[in-house]
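This is what each chain is made of:
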2 protein chains.
Amino acid sequence: MSDARDRDGTDPAHNQATPIDASDGDSTSTAGNPTARLGGRLPHVVIVGGGFAGLAAAKRLKRAPVRVTLVDRRNHHLFQPLLYQVATAALSPAQIAAPIRAVLSRQKNAEVVLAEARRVNAARRVLETDQGDIAYDYLVLATGATHSYFGHDDWSASARGLKTIDDALEIRRRFLLAFEAAENEANDARRRALMTFVIIGAGPTGVETAGAIAEIARTVIRRDFRHIDTSRARVVLVEAMDRVLPAGFPRELSDRALADLRAMGVEVRLNTRVTHVAPGTTDDPPHVLLSASGDAAPERVDAHNIVWAAGVRASPLGASLGVPTDNAGRVVVAPDLSIPGHAEVFVTGDLARCAWSAGPGSAGMVPGVCPAAVQMGDHAARNVARLVAGRACEPFKYVDKGSLATIGRAKAVASVSGMKFGGLLAWLLWAGVHVFYLISFRNRVVVMLDWALAYLFFKRGSRLITGEREK
Amino acid sequence: MSDARDRDGTDPAHNQATPIDASDGDSTSTAGNPTARLGGRLPHVVIVGGGFAGLAAAKRLKRAPVRVTLVDRRNHHLFQPLLYQVATAALSPAQIAAPIRAVLSRQKNAEVVLAEARRVNAARRVLETDQGDIAYDYLVLATGATHSYFGHDDWSASARGLKTIDDALEIRRRFLLAFEAAENEANDARRRALMTFVIIGAGPTGVETAGAIAEIARTVIRRDFRHIDTSRARVVLVEAMDRVLPAGFPRELSDRALADLRAMGVEVRLNTRVTHVAPGTTDDPPHVLLSASGDAAPERVDAHNIVWAAGVRASPLGASLGVPTDNAGRVVVAPDLSIPGHAEVFVTGDLARCAWSAGPGSAGMVPGVCPAAVQMGDHAARNVARLVAGRACEPFKYVDKGSLATIGRAKAVASVSGMKFGGLLAWLLWAGVHVFYLISFRNRVVVMLDWALAYLFFKRGSRLITGEREK
């Protein structure tokens, strides 16, 4: 086995890059470092992405006779289902994220590299990154998905998506500053635009964000202002399909969530598409154009706060594999999660398109949810271990753990093992499941305490505006 | 009494600005808003700055027959003594900050305006801000101080100061990224530069930051890396005076802090000045030049992490008053904290230069510490209330509550009521005092819990790198 650094002299395409390789014990060894001591002898498994799938894969290989390198461009694992709580000022970033190094610090056969993966050279078995090339024997791709503006990338500046901590902090900053500006604004129309929030897409993220904004405006911050009534903030949730939570939830839970949202004052627009997002000018406030099916003219809604929770597109790394992808950029994987022609390359999580049947008469794909990502990452790692042991891969079987979405304080909907329910019971289940899966013990305790205090005192603790103010 | 808006038509200098005034109940009134209902009848007290002095002044006026407007360019009060804990990844921003609106939400005679004060027009009794003019009857300035690079403002890019949450997050980002880069760096000299931290100035902030960095490098993150030994990070603390904690601490506590720092591996350079800070180029790492008194040639220290904890300069707002300031820009105040010629203008906190004698034979100034700021803000507000009631102002008398600085886990030095002590007892006192003074109840409980967990598990919970990565 050789690594990228060994080949550098013979590959002119890569001799500009600074090569890095975890296994090169000769030049960068540290006393007591087992991966360095074992350098070059154990198979090298490179995992790209420190999300749910990637971390599950790394952890599953803890006792396998391999060296593991986890590559991520960020230093932290993010508990994405709670990201909207950071965006709406309920939680701090540190409460829903953990440094990947800390998560894997005791796993002696694993190391972490902070680098941005650029492409996979599957023929040479090399991952190309902005920090140099990394050679692999087995590759697990778990780089997930990002927003897709359906060809309207110019909308991204006005309609921020919610995928990273920086996204969440920016959405929080804008939404807090909008109330501040409204407090100082004498013009009625401008004040209304500042206090209007449009959330595009009514999947779990959109539903949870809309519910949280409606709740904070109507309760928590209401007594902080003197000139505006924050409870009159307008929250518009736009969905192209005919119901909220259109994917992965039974229709009766969609109906219940819709009723809950409307009771909280959220304007839900079903069967409605966004046809334009305008950033606004000095004279013209930012706005969206909404086109309901059957309507003649689109409706204009002036809004300074627009959140994009609609389409996602798989990470571009998948395309560099040179194998078939679907129209969202997901890599079509074999039943064992490997790709055609490369039994040593596995694709997992939101980056993979994996067939799944929920039962007789149903045919579809494994959904893009956390439990599926964990299961796929774990399964890919098991298959790697099987190959290392000279055994055959096994096909992936997704186990549906049910669906959960929260709408507000003590309001949620759940579909678990055929049971469908809402209200406080679903909310408690939602809270319990989420806190349980938070990766570090510290986070579990602190988040629980935060929530308990927030519930008792109905406060939002993280209402800080950081970053530069727009001029 | 008239306000800025009333005058707009007759004052061509201000008719471009969007005028805002809290008291104008006619055009922006909100039902149930007492300041609006009382608009124009009660004296208007404008407080600039939501730090310790400004908040103390606002709270003191809770029951006074006045309208209070607190103006700050940030939306949060910051518990500045713990800012170094955010910079060193022990605490999250939300744990040491509270929204000013939330702090004052129940004070019915107070409102908060998010605006940047530009200058005071004392003759017209108007505060000019980026959101328009605000007329006052009484003004309390409490805008504090910022870094001073002693004429070398070009050093600010490399040697970041530590005054705001954004400063703290940037210092944290750089220090975490430096370890990440060191892990990937094969060249010995470059790796050493990445793992070298220079802290300039050995006041409480410098001492606490140096101690915290040495501690985290030697303990918490050590097992996270595979190719570097973080405990070999070099921490250099530079001080121009002949001791650490040169101001406000007795010499024997300086000696004890010095011994503690050295025991933790911090290189303390006393009697040493920084003569140059170089940002570094592709070929040349960032570095500082240190000149010890008596040395012939300056010493060069290559370091990717440089923290500026040396000089401060008072906020430029003070200069716009047109009264004498000292060489750090502080406004020389009368014994009652007012300024010459304007009995209705008070200056407090770090912006004020106020004479104080610690005892017979001693003459100096009220120090730039939190308890002094709280006392000055409170006193200025009492004097405002006296003037409103037709009584005379009283002179300010500073009560020295002692000095405290922490050096690391269970290490601190304290000087209280003539007693001087160090070690665990001082650390517990330090922890108790700081937690007690954290403004909101939620913060108190969560910070205590965080600290307890950090103490038990020796973890750093907030080790997240956010913001854009440098390319």
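Residues numbered from 1 in each chain as written. Chains lettered and ligands numbered in written order. Predicted model: local features only at pLDDT ≥ 70, side-chain atom pairs only at ≥ 80, totals over all residues. Heavy atoms only, no water.

A.B. asks: Explain the overall build of chain A to me, please; I cannot follow it from the model alone.
C.D. replies: Broken down by element type, chain A carries 13 helices and 28 strands. Residues counted as buried form 56% of the 471 residues belonging to chain A. Residue pairs in contact within chain A that sit at least 24 positions apart in sequence constitute 62% of those at least 6 positions apart. Carbon and sulfur atoms provide 53% of the accessible area of chain A, an area that totals close to 19,400 Å². (Helix = DSSP H or I, 4+ residues; strand = E, 2+ residues; numbered from the N terminus. Buried < 20%, exposed > 50% of the residue type's maximum accessible area, 1.4 Å probe, protein only. Contact = heavy atoms within 4.5 Å. Areas by Shrake-Rupley, 256 points an atom, 1.4 Å probe, with all protein chains shown as cover.)

A.B. asks: Looking at this structure, I do not really get the sheet that holds strand β17 (residues 299-302) of chain A. What am I missing?
C.D. replies: The pairing of strands in a sheet happens through backbone hydrogen bonds and is either parallel or antiparallel. Residue and element names in this part refer to chain A. One open sheet holds the three strands; their spatial order is β15-β16-β17, and the pairing between them is antiparallel. Sheet topology places β15 (272-278) and β17 at the edges, where each strand pairs with a single neighbour. Sheet twist, expressed as the average angle between the axes of neighbouring strands with direction ignored, equals 25 degrees. (Pairing = 2+ DSSP bridges. Axes fitted to C-alpha atoms, helices over the stretch in contact; angles between N-to-C directions.)

A.B. asks: For this particular structure, what's the right way to read the pattern of salt bridges?
C.D. replies: All names here are of chain A. All told, the structure shown has 43 salt bridges over all chains when counted by the stated rule. With a shortest N-O distance of 3.0 Å, R119 and E128 are connected by a salt bridge. What makes R119 partly exposed here is its relative accessible area of 36%. Linking D302 and R300 is a salt bridge whose minimum nitrogen-to-oxygen distance equals 2.7 Å. If you follow the salt bridges from partner to partner, you end up with R234, E267, R269 and E299 in one network. (Salt bridge = Lys/Arg side-chain N within 4 Å of Asp/Glu carboxyl O.)

A.B. asks: Would you take a moment to explain the environment of G161 of chain B for this structure?
C.D. replies: Residues and elements named next belong to chain B. With respect to the secondary-structure elements, G161 resides in strand β11 (residues 159-161). The exposure class assigned to G161 is buried, which follows from its relative accessible area of 2%. The spatial distance from the C-alpha of G161 to the C-alpha of G311 is 9.5 Å, given a sequence separation of 150 residues. Leave out the neighbours within four places in its chain, and G161 touches H147, Y149, D167, I171 and W308.

A.B. asks: Would you explain the confidence of the model for chain A in this entry?
C.D. replies: Detail in the predicted coordinates should be disregarded across regions flagged by low pLDDT. Residues and elements named next belong to chain A. When pLDDT is averaged along chain A, the result is 83, and 82% of the positions lie at 70 or above. For residues 1-39, every residue scores under 50 in pLDDT, and the model assigns this stretch 69 contacts once sequence neighbours within four places are set aside. Two numbers describe this predicted complex: its pTM, 0.80, and its ipTM, 0.73. (pLDDT = per-residue confidence, 0-100.)

A.B. asks: Explain helix α7 (residues 165-184) of chain B here, please?
C.D. replies: Residues lying three or four places apart along an α-helix face the same way, a consequence of the helix completing one turn every 3.6 residues. In a regular helix each residue adds 1.5 Å, so 20 residues correspond to 28 Å; α7 of chain B covers 29 Å between its end C-alpha atoms and thus fits that length. Of all 20 residues in α7 of chain B, 16 are buried, a share of seventy percent or more. (Expected span 1.5 Å × (residues − 1).)

A.B. asks: Help me out: how do you make sense of the packing of aromatic side chains in this one?
C.D. replies: The relation between two aromatic rings is expressed through the spacing of the ring centres and the mutual angle of the planes. Per the stated rule, a full pass over the model turns up 18 aromatic pairs over all chains. Between Y149 of chain B and W308 of chain B, the aromatic rings sit 4.8 Å apart at their centres with planes inclined by 35 degrees, giving tilted as the arrangement. With Y149 of chain B in the loop between β10 (145-148) and β11 and W308 of chain B in strand β18 (residues 305-308), this pair connects stretches of sequence that are 159 residues apart. The exposure class of Y149 of chain B is buried, given its relative accessible area of 6%. What links up through ring pairs into an aromatic cluster is the set Y149, F150, W155 and W308 of chain A. (Phe/Tyr/Trp six-rings, centres within 6.5 Å; stacked < 30°, edge-to-face > 60°.)

A.B. asks: Explain unusual backbone geometry to me, please; I cannot follow it from the model alone.
C.D. replies: Residue and element names in this part refer to chain A. The backbone phi angle of F150 is positive, close to 50 degrees, even though this residue is not glycine. In this fold, F150 is placed in the loop between β10 (145-148) and β11 (159-161). Overall, the relative accessible area of 56% leaves F150 in the exposed class. The backbone of L245 shows a phi angle near 45 degrees, a positive value even though the residue is not glycine. On the secondary structure map, L245 appears in the loop between β13 (234-238) and α10 (251-263).

A.B. asks: Even after reading the chapter, I still don't get the sheet that holds strand β6 (residues 117-121) of chain A, so can you show me in this structure?
C.D. replies: Residues and elements named next belong to chain A. One open sheet accounts for three strands, arranged β6-β7-β8; its pairing is antiparallel. The open sheet is flanked by β6 and β8 (132-135), the only strands paired with a single partner. Each neighbouring strand pair of the sheet contributes to a mean axis angle of 25 degrees, computed without reference to strand direction. Here β6 pairs with strand β7 (residues 126-129) via four bridges, running antiparallel. Considered in β7, the bridge of N121 is made with V126.

A.B. asks: Please explain the pairing of β18 of chain B as it appears in this structure.
C.D. replies: Side-chain positions along a regular strand alternate between the two faces of the sheet. Residues and elements named next belong to chain B. Side-chain alternation along β18 places N305 and V307 on one buried face and I306 and W308 on a second face that is also buried. Where strand β12 (residues 196-200) and β18 come together, four bridges link them in parallel fashion. From the neighbouring strand, V198 faces β18, where its bridge partner is I306.

A.B. asks: Before we go on, may I ask you to explain the environment of A102 of chain A in this structure?
C.D. replies: The residue A102 of chain A is located in helix α6 (residues 100-103) in this model. Residues A102 of chain A and S357 of chain A lie 255 residues apart in sequence; the distance between their C-alpha atoms is 37 Å.

A.B. asks: Got a minute to help me understand the nonpolar core in this structure?
C.D. replies: General note: in soluble globular proteins, nonpolar side chains tend to be found buried as a group. Residues F179, I199, L237 and V244 of chain B are the most contacted members of the largest nonpolar core, which totals 66 residues. In this structure F179 of chain B touches M195, F197, A217, I221, F225, I228, T230 and A233 of chain B, once residues within four positions along its chain are discounted. Among the nonpolar cores identified, the runner-up in size contains 65 residues, and V266, A405, V416 and W430 of chain A belong to it. (Core = buried A, V, L, I, M, F, W, Y, C linked by side-chain atoms within 4.5 Å.)

A.B. asks: Even after reading the chapter, I still don't get the packing of helix α4 (residues 52-60) of chain B against helix α11 (residues 370-388) of chain B, so can you show me in this structure?
C.D. replies: The axes of two packed helices give the description: the angle between them and the distance between them. All names here are of chain B. Where α4 meets α11, the axes come as close as 7 Å, and the angle between the chain directions of the two elements is 35 degrees. At the point where α4 passes α11, the crossing takes the right-handed sense. Along its contact with α4, which presents F52, A53, A56, A57 and R60, the element α11 presents C370, A373, V374, G377, D378, A381 and R382. Grouping the amino acids of the contact of α4 with α11 by side-chain chemistry returns eight nonpolar, one polar and three charged. (Left-handed = near helix turned anticlockwise from the far one by under 90°. Nonpolar A, V, L, I, M, F, W, Y, C, P; charged D, E, K, R; others polar.)

A.B. asks: How do you make sense of α11 of chain B when you look at a structure like this?
C.D. replies: Residues and elements named next belong to chain B. An ideal rise of 1.5 Å per residue puts 27 Å on 19 residues; α11 measures up with 27 Å between its terminal C-alpha atoms. Every buried residue of α11 is listed here: A372, A373, Q375, M376, G377, D378, H379, A380, A381, N383, V384 and R386. Next to the buried residues of α11 lie β1 (44-48), α4, β9 (138-141), β22 (342-347) and β23 (352-353).

A.B. asks: What exactly am I supposed to notice about the pairing of β13 of chain A here?
C.D. replies: Residue and element names in this part refer to chain A. In terms of burial, β13 is largely enclosed, as four of its five residues are buried. The β-α-β motif built from strand β12 (residues 196-200), the intervening helix α9 (residues 204-220) and the parallel element β13 has right-handed crossover chirality. Where β13 and strand β14 (residues 267-269) come together, three bridges link them in parallel fashion. Bridge pairing in β14 places V236 opposite E267. (Right-handed = clockwise from strand over helix to strand, strands pointing away.)

A.B. asks: Please clarify how the state of the cysteines should be interpreted in this entry.
C.D. replies: Disulfide: a covalent bond formed between the sulfur atoms of two cysteine residues. Scanning all chains against the criterion turns up zero disulfides over all chains. Note on C354 of chain A: no disulfide assigned, nearest cysteine sulfur contributed by C393 of chain A at a separation of 13 Å. (Disulfide = S-S within 2.5 Å.)

A.B. asks: What exactly am I supposed to notice about the environment of A217 of chain A here?
C.D. replies: All names here are of chain A. Its location among the elements puts A217 in helix α9. Taking the C-alpha atoms as reference points, A217 and L83, separated by 134 residues in sequence, lie 19 Å from one another. With sequence-adjacent residues up to four places away left out, A217 is seen in contact with F179, R222, T230, S231 and A233.

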